[in-house]
Amino acid sequence: MITLVNISSPEFLRTAPLGLLYVGGALKKAGYEVEILHFPPEEIDRFAADIASRNPLFVGFSLFTSNQTRFSAQLSRKIKESCDSPVVWGGVHPSMVSEQTLGESYIDTIVIGEGEETVVELADAIEGKKELNDVRGIGYKKDGDLVFTQERQLIKNLDDYKLDWDLVNIENYMVPMWGQKKAINFITSRGCPFKCGFCYNLRFNRGRWRGHSREFVISEVQKLKDQYGIDGIRFYDDNFFANKKRAIDIVRAIDLPWEAEFRVGSITDELARDIRDTNCQGICFGLESGSDRILKMINKQQSVEEIIKGITIMSRYPEVRISGCIILANPTETREEIRSTIDLCLKLWKIHPRIEFSLGTFLPYPGVPLYDLILETDYEPPGNTEGWEVVNRGNNRMKVEWLPWVTGKDRQDFVYAGRYAKILQLGNLKVPLLNKIAYWRLSSYNFDYPVELGALEWVYGKFTDRSSRLSKMMRKIIPHIVQ
């Protein structure tokens, strides 16, 4: 038995651990018995005892740089204390911070990069069928030293591997969205051809985009429709539209409501019509900044003018919900440039009043191109693996050490700016005062004494929650209250 683990905060428990479904499927295909455990940190003690009682061939963890590093470290320690099973870490974090991760006493081996081929050979080595040093793409310990093997090449044909949904209870990951009852997350490709300075892809996927064949994707989705009755798809690809024709062919063929991420500079009227006509429920754009200097510095390969043009095109197709991700406090960014970004959000909202914004502070992910730049500042990276838990958008304790002008109040203002931007759509309501507060807060960049914020977020939450009675009632009267 091989045990694969993903420990997630409660808000992510209904998001399937796609990486483990691929890796677990590869192990099963090779003849190994596999179990996938996906649970919240509150259940670490219980699962530690369960795992130890089975003493698996190895316990594999999949994790991104976030609070998962702390959760996974806690469980790994307990496993090492209670059974002889080797602990193996894989995923983005150990691939980007290899030496520090492998140096932890509770980790025996790390998988660097894609895991499907590597983990099968690793299992064979643990069983004594081959030498560890012959397994490409791993790090392991030998006589107290850290040993890293040769780099493994990227998988040539992704169709050789697939998501094995039989390893989990798929019902746990079918969620109500857009009026549908069984929407599920899915992935059709890996990597991205662009080289944004804040993204892990340049190193992890070596700046390349690779996709499953359209026939493979269509067939796999059809199986999910036939066997489980899924009625919606959330594409988790880093760049689903890297090949636009392939993407449109897929969503036309699967004939399901869907959502995905997109580059705003790639939008044309023709493509926007295709998106709308294929029952797209949502598109997320990486807008990032309202400063051309910052966009160039982070190598986004788009301009403010292109952002405005793309959102203007999408405003002609209001049936498609759109959202824009924004990064504040980028390396070298000034107060004035942050204000320019907030001003751009307000301008875009006037162009497309249904747009939703997600604002967050720049996160110093190790190994991304901008990481070397912030190491030249006063930023001090975490000294151990657990310390990387601060690098996540849900953690407001992270200091912005790479910008010397940022104070504690500035950090708090960034958080408030994100919360008010999220509820900016309340400005569409024909309700005096209620419809002006978020816009006024953002336009004046004044977040002092935000006593009304909690109430506004409650109203927004009820309005957007399609399952609540209040939301249903509000949507019935929406023609009368929306400008």
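Residues numbered from 1 in each chain as written. Predicted model: local features only at pLDDT ≥ 70, side-chain atom pairs only at ≥ 80, totals over all residues. Heavy atoms only, no water.

Visitor: I'd like a rundown of the packing of helix 1 (residues 18-29) against helix 6 (residues 116-126), residues and numbers included.
Guide: Between helix 1 and helix 6, whose axes approach to 9 Å, the crossing angle comes to 45 degrees. As judged from the angle between their axes, helix 1 and helix 6 are oblique. Once helix 1 is placed against helix 6, the crossing between them reads as right-handed. Counting all contacts with helix 1, which are made through Tyr 22, Val 23, Ala 26 and Leu 27, the residues of helix 6 involved are Glu 116, Val 119, Val 120 and Ala 123. (Axes fitted to C-alpha atoms, helices over the stretch in contact; angles between N-to-C directions. Helix = DSSP H or I, 4+ residues; strand = E, 2+ residues; numbered from the N terminus. Parallel < 35°, antiparallel > 145°, perpendicular 65-115°, else oblique. Left-handed = near helix turned anticlockwise from the far one by under 90°. Contact = heavy atoms within 4.5 Å.)

Visitor: I'd love a proper account of unusual backbone geometry, names of residues and values included.
Guide: Unusually for a residue other than glycine, Arg 206 sits at a positive phi of about 55 degrees. With respect to the element layout, Arg 206 can be found in the loop between helix 7 (201-204) and strand 11 (209-211). Residue classification places Arg 206 among the partly exposed positions, given a relative accessible area of 31%. Phi is positive for Thr 332, which is not a glycine, with a value near 75 degrees. Examined against the element boundaries, Thr 332 turns out to sit in the loop between strand 15 (321-328) and helix 13 (335-351). (Buried < 20%, exposed > 50% of the residue type's maximum accessible area, 1.4 Å probe, protein only.)

Visitor: Now, about the pairing of strand 14 (residues 280-288): what can you tell me, with residues and values included?
Guide: Among the 9 residues of strand 14, 9 are classified as buried, and the element is accordingly described as predominantly covered. Strand direction decides the pairing type here: strand 13 (residues 258-262) and strand 14, joined by 5 bridges, are parallel. Residue pairing for strand 14: Glu 259 is matched across the bridge by Gly 282. Note that the unit made of strand 13, helix 10 (residues 269-277) and strand 14 has a crossover that is right-handed. Bridge count for strand 14 against strand 15 is 6 bridges, and the pairing is parallel. Each bridged residue has a counterpart across the sheet, and for Phe 285 the counterpart in strand 15 is Gly 324. (Pairing = 2+ DSSP bridges. Right-handed = clockwise from strand over helix to strand, strands pointing away.)

Visitor: So what about the environment of Leu 20? Which residues, and what values?
Guide: Turning to its location among the elements, Leu 20 is positioned in helix 1. Looking at Leu 20, the relative accessible area reads 5%, which means it is buried. A sequence separation of 16 residues divides Leu 20 from Leu 4, and the C-alpha atoms of the two residues are 6.9 Å apart.

Visitor: Talk me through the pattern of salt bridges; I want residue IDs and the actual numbers.
Guide: According to the stated counting rule, one finds 30 salt bridges in the structure shown. As a salt-bridge pair, Glu 121 and Arg 152 come within 3.0 Å of each other at their nearest N and O atoms. Separated by 31 residues along the polypeptide, Glu 121 in helix 6 and Arg 152 in the loop between strand 7 (145-148) and strand 8 (175-177) bring together distant segments of the chain. We classify Arg 152 as buried; its relative accessible area is 12%. With a closest N to O distance of 3.1 Å, Lys 223 and Glu 220 form a salt bridge. With a gap of 3 residues between them, Lys 223 and Glu 220 both fall in helix 8 (residues 214-228), about one helical turn apart. Sharing partners across several salt bridges, the network here consists of Glu 114, Glu 116, Arg 190 and Arg 210. (Salt bridge = Lys/Arg side-chain N within 4 Å of Asp/Glu carboxyl O.)

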